[in-house]
Amino acid sequence: MKTPHSESPVSRRAFLGQLSAAAALLAAPIRSRASDAPPRRKLGVALVGLGRYSTYQLGPALRKTALCRLSGVVTGDRVKGEKWARDYGFPEANIFGYDSMERMAGNRDIDVIYVVTPNSVHAENCIAAAKAGKHVICEKPMATSVADCDSIISACRDAGVRLTVGYRLHYEPHHAEFARLARERVFGPFMRMAGANGFEMGSSSRARTDWRLDRRLAGGGPLMDMGVYVVQAACMAKAEAAPVSVTARFGPVTLPEVFSEVEESIEWTMEFADGAQARCRASYAEQVSNFRAEADHGWAQLEDPAFYYEEPFLTTSRGSVERPKVNHQVVQLDGMAAELLEGRPSLAPGEMGRRDMAIVEAIYAAARSRGRVDVRA
Ligand code: NAD
């Protein structure tokens with residue numbers, strides 16, 4: 001059985017061309033005339049959605065970033081927005097509602113709009129951000145369908161703005177080293193991979209209220225939320241190649257009152273063109289976070305917690321790899337700001353988010369059909 005898919009409306013070359021053009025447009029007003037002079041101001045970032053990730057990670061990170069700062073918010077709660085304005089020192093004029101994002105077009109403090117809402121709302125928010133002429137960062141997963149990813153990519157292309165996905169681990173030094181080992185085939189091509197990511201949702205108080213258990217808002221269960229990291233690691237281990245096919249099966253439902261709309265756990269295998277395989281698992285019933293890749297001449301392992309905010313440990317067949325401990329969100333935000341300012345392609349472009357959504361759709365189709373499904377990434 002094949003998964004439904006639609007062709008990406010944007011070629012990679014065209015997209016990279018747009019990135020350069022957009023970066024040039026962006027760089028012009030914020031650089032001084034001397035080309036080697038430092039930027040006159042940091043890039044202004046507006047957060048869309050002031051929930052947990054914005055409140056406890058992205059907002060605090062934007063106090064520490066060197067190249068960008070928080071300059072506005074989009075929220076349905078004006079009073080909350082006013083508190084953020086006071087706390088972060090931006091004018092109340094930079095508080096917007098979800099239905100008035102088009103007014104951001106005229107706001108010179110805001111260069112980048114960062115969408116941090118529930119998964120199924122990303123498309124509408126990102127399209128509004130692009131229409132306002134601002135660069136877009138979209139949290140993971142990029143959307144809840146490939147079709148929505150295509151709509152976001154098209155809107156950003158039409159507006160001539162850059163689209164990146166909030167894949168913080170592409171900017172984290174241990175994961176970057178893992179990517180280098182894969183890209184340069186230091187141990188040969190990775191052929192046998194295994195990884196898992198999950199946390200115990202069912203027993204927590206969150207289980208009663210979290211949108212992650214609402215299919216309409218989340219698009220799926222732990223595969224959408226935690227599994228995307230394992231999909232990412234497997235593609236990273238194959239130098240960003242997508243698998244050609246997948247097989248999958250849903251795990252048992254032990255808490256039917258909690259997991260009535262989304263899966264409690266899921267296992268899948270990604271099969272790559274060169275015969276490599278990645279056996280993966282995502283779960284809301286298990287605290288787990290690791291990834292291991294083996295090649296003919298060595299192996300590399302991102303130790304638990306491989307995908308959480310804590311410092312991951314990278315061990316290889318040559319020993320443990322020491323890299324600086326960083327705040328993931330700070331290096332991600334500064335990394336993305338530097339890419340924009342310097343006109344470099346992003347490590348986490350919209351096409352990557354779309355690729356991962358194509359893989360996720362194929363995994364769900366395989367789990368439902370209990371068959372092998374081709375991936376059209
Ligand atoms: P949250 O529930 O804490 O916050 C979501 C916010 O969106 C709330 O402020 C809510 O009011 C707002 N919202 C806007 N439109 C909404 C709508 N139509 N329905 C419901 N709420 C709406 O969620 P969160 O944990 O902050 O997650 C937000 C996004 O960030 C998700 O896509 C999630 O996957 C992603 N995330 C990424 C990471 C990471 O490490 N990159 C970590 C956590 C969350």
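Placed above this text is the structure.
Draft legend 1. Region of interest: the state of the cysteines. Summed over the entire model, instances satisfying the criterion amount to zero disulfides. For C149, which is in no disulfide, the shortest distance to another cysteine sulfur is to C138 and amounts to 7.8 Å.

Draft legend 2. Region of interest: the nonpolar core. With 107 residues, the main nonpolar core has F190, W268, M270 and F291 as its most contacted residues. In this view, W268 contacts L223, G227, V230, V231, T247, A248, A278, R279, C280, R281, A282 and I363; residues no more than four positions away in its chain are not counted.

Draft legend 3. Representation of the pattern of salt bridges within the structure. Taken as a whole, this structure holds 23 salt bridges when the rule is applied. Where R157 meets D158, a salt bridge forms, and the shortest distance between an N and an O atom there is 3.3 Å. Because the salt bridges share partners, they merge into one network encompassing R52, K140, D210, R212 and D225.

Draft legend 4. Representation of unusual backbone geometry. Cis peptide bonds are those with omega within 30 degrees of zero, and the linkage from K140 to P141 qualifies with -15°. Within the element layout of this structure, P141 appears in the loop between β5 (135–138) and α5 (146–159). At the junction of D304 and P305, the peptide bond is cis and its omega measures out at 5° in the coordinates. One non-glycine residue, R370, lies in positive phi territory at about 55°. What makes R370 exposed here is its relative accessible area of 74%.

Draft legend 5. Molecular detail of the site of the ligand. As a structural note, the neighbourhood of the ligand is formed by 21 residues, with R52, K140, R168, W211 and R212 the closest of them. For the ligand, an oxygen atom lies 2.7 Å from a polar atom in the backbone of R52. Between the ligand and the protein, one listed contact pairs a nitrogen atom with a side-chain N or O atom of E139 at 3.0 Å. In isolation the ligand has 840 Å² of accessible area, and contact with the protein removes 78% of it. Taken together, the residues of the shell around the ligand break down into 11 nonpolar, five polar and five charged.

Draft legend 6. Examining the sheet that holds strand β9 (residues 265–271) more closely. Taken together, nine strands build an open sheet; the order of strands is β14-β13-β12-β11-β7-β10-β9-β8-β15 and the sheet is mixed. The outermost strands of the open sheet, each flanked by one partner alone, are β14 (319–321) and β15 (373–374). Sheet analysis places strand β7 (residues 192–200) next to strand β11 (residues 285–295), joined by eight bridges and oriented antiparallel. When the bridges of β11 are listed, A194 appears paired with R292. The strands touched by helix α8 (residues 222–237) are β7, β9, β10 (277–283) and β11; relative to β7, the strand with the most contacts, the crossing angle is about 155°.

Draft legend 7. Spotlight on the pairing of β11. For β11 and strand β12 (residues 298–303), the ladder comprises five bridges, and the chain directions are antiparallel. Considered in β12, the bridge of R292 is made with Q301. Joining the antiparallel neighbours β11 and β12 is a turn of two residues.

Draft legend 8. Here's a closer look at α5. With 14 residues, α5 extends 20 Å from end C-alpha to end C-alpha; this agrees with the ideal 20 Å at 1.5 Å per step. V146, C149, D150, I152, I153, S154, A155 and C156 are the residues of α5 that are buried. In this structure, the buried residues of α5 make contact with α4 (122–131), β5, β6 (163–165) and α10 (350–369). Where α5 ends, the next residue or the one after it, G160, has phi of about 70°, a positive value.

Parameters and conventions
Position numbers for residues count from 1 along each chain, tracking the sequence in the order it is written. A pLDDT threshold of at least 70 governs which residues receive local features in this predicted model, and a stricter bar of 80 or more applies before side-chain atom pairs are shown or counted, although totals over entire chains, interfaces and linings include all residues. Side-chain calculation: all heavy atoms of the structure are included, whereas hydrogens and water are not. The term disulfide is used for any two cysteine sulfur atoms that are within 2.5 Å. Among buried residues, the Ala, Val, Leu, Ile, Met, Phe, Trp, Tyr and Cys ones that are joined through side-chain atoms within 4.5 Å form a nonpolar core. Only protein chains enter the area calculation, which uses a 1.4 Å probe; residues under 20% of their type maximum are buried, those over 50% are exposed, and those in between are partly exposed. We call two residues contacting when some pair of their heavy atoms lies within 4.5 Å. A side-chain nitrogen of Lys or Arg and a carboxyl oxygen of Asp or Glu constitute a salt bridge if their distance falls within 4 Å. Going along the chain from the N terminus, every DSSP run of H or I of four or more residues is numbered as a helix, and every run of E of two or more is numbered as a strand. Put simply, a residue is near a molecule or strand once any heavy atom of it comes within 4 Å of that molecule or strand. Polar contact is the term for a pair of N or O atoms within 3.5 Å; when the atoms are in protein, one must be able to donate a hydrogen and the other to accept it, and sequence-neighboring residues count only if both atoms are side-chain atoms. Using a 1.4 Å probe, accessible areas were evaluated by the Shrake-Rupley method; residue-level cover was limited to the displayed protein chains. Three categories are distinguished: nonpolar for Ala, Val, Leu, Ile, Met, Phe, Trp, Tyr, Cys and Pro, charged for Asp, Glu, Lys and Arg, and polar for the others, with Gly belonging to the last. Pairing between strands is defined by DSSP: at least two bridges between the two strands are required. The angle between two axes is taken between their N-to-C directions and runs from 0 to 180 degrees, where each axis is a line fitted to C-alpha atoms and a helix contributes only its stretch in contact. A helix's residues, less one, multiplied by 1.5 Å, set its expected span.

Interpretation in functional terms is not warranted from these geometric data alone.
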